[in-house]
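The chain contents come next:
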Amino acid sequence: MITAVDHVQLAAPPGSEERLRAYYAGVLGMTEIAKPPVLAARGGCWFQAGPVQLHLGVETDFRAAKKAHPGLRVTGVEAYAARLAARGAAVTWDDDLPGHRRFYSYDPVGNRLEFLEPVTARPGTAV
């Protein structure tokens, strides 16, 4: 039985670790976590925010996926989008998922990320 997602791995080109650190730690506010030594030798970096982990692994012939992406649930989606925009990250809002406010952004190597927050209906209003 599956009980949770342990982590999501995204690919990145060789030598991109400093740009990834600037984005995932500096822009998104995640904390870099140590990789086991045998895996650290392969390059890349890992990040965590609460129970959510994103692993960035080096792929020699890297190509960013155009559609695949992790969906990251946030609180205060408007303020979080403003944080990203203030730090130079593009924010593209999408209203196509009923019951949610969400936007997309891209990391410095082109990985697509979705940020979303469920919308709670107020009594007497539709979501």
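All figures in this text were calculated on a predicted structure; none of them were measured in a lab.

Cut-off values and rules
Residues numbered from 1 in each chain as written. Predicted model: local features only at pLDDT ≥ 70, side-chain atom pairs only at ≥ 80, totals over all residues. Heavy atoms only, no water. Salt bridge = Lys/Arg side-chain N within 4 Å of Asp/Glu carboxyl O. Helix = DSSP H or I, 4+ residues; strand = E, 2+ residues; numbered from the N terminus. Buried < 20%, exposed > 50% of the residue type's maximum accessible area, 1.4 Å probe, protein only.

Examining the pattern of salt bridges
Here is step 1 of the chain: Following the criterion strictly, the structure yields 6 salt bridges and no others.
Here is step 2 of the chain: In this structure, R21 engages E32 in a salt bridge whose closest nitrogen and oxygen atoms are separated by 2.8 Å. Placement of the pair is R21 in helix α1 (residues 17–27) and E32 in strand β2 (residues 31–33), with a sequence separation of 11 residues.
Here is step 3 of the chain: Under the relative-accessibility criterion, E32 is labelled partly exposed at 35%.
Here is step 4 of the chain: A salt bridge links R102 to D94, with the nearest nitrogen and oxygen atoms 3.1 Å apart.
Here is step 5 of the chain: Classification of R102 as buried rests on a relative accessible area of 12%.

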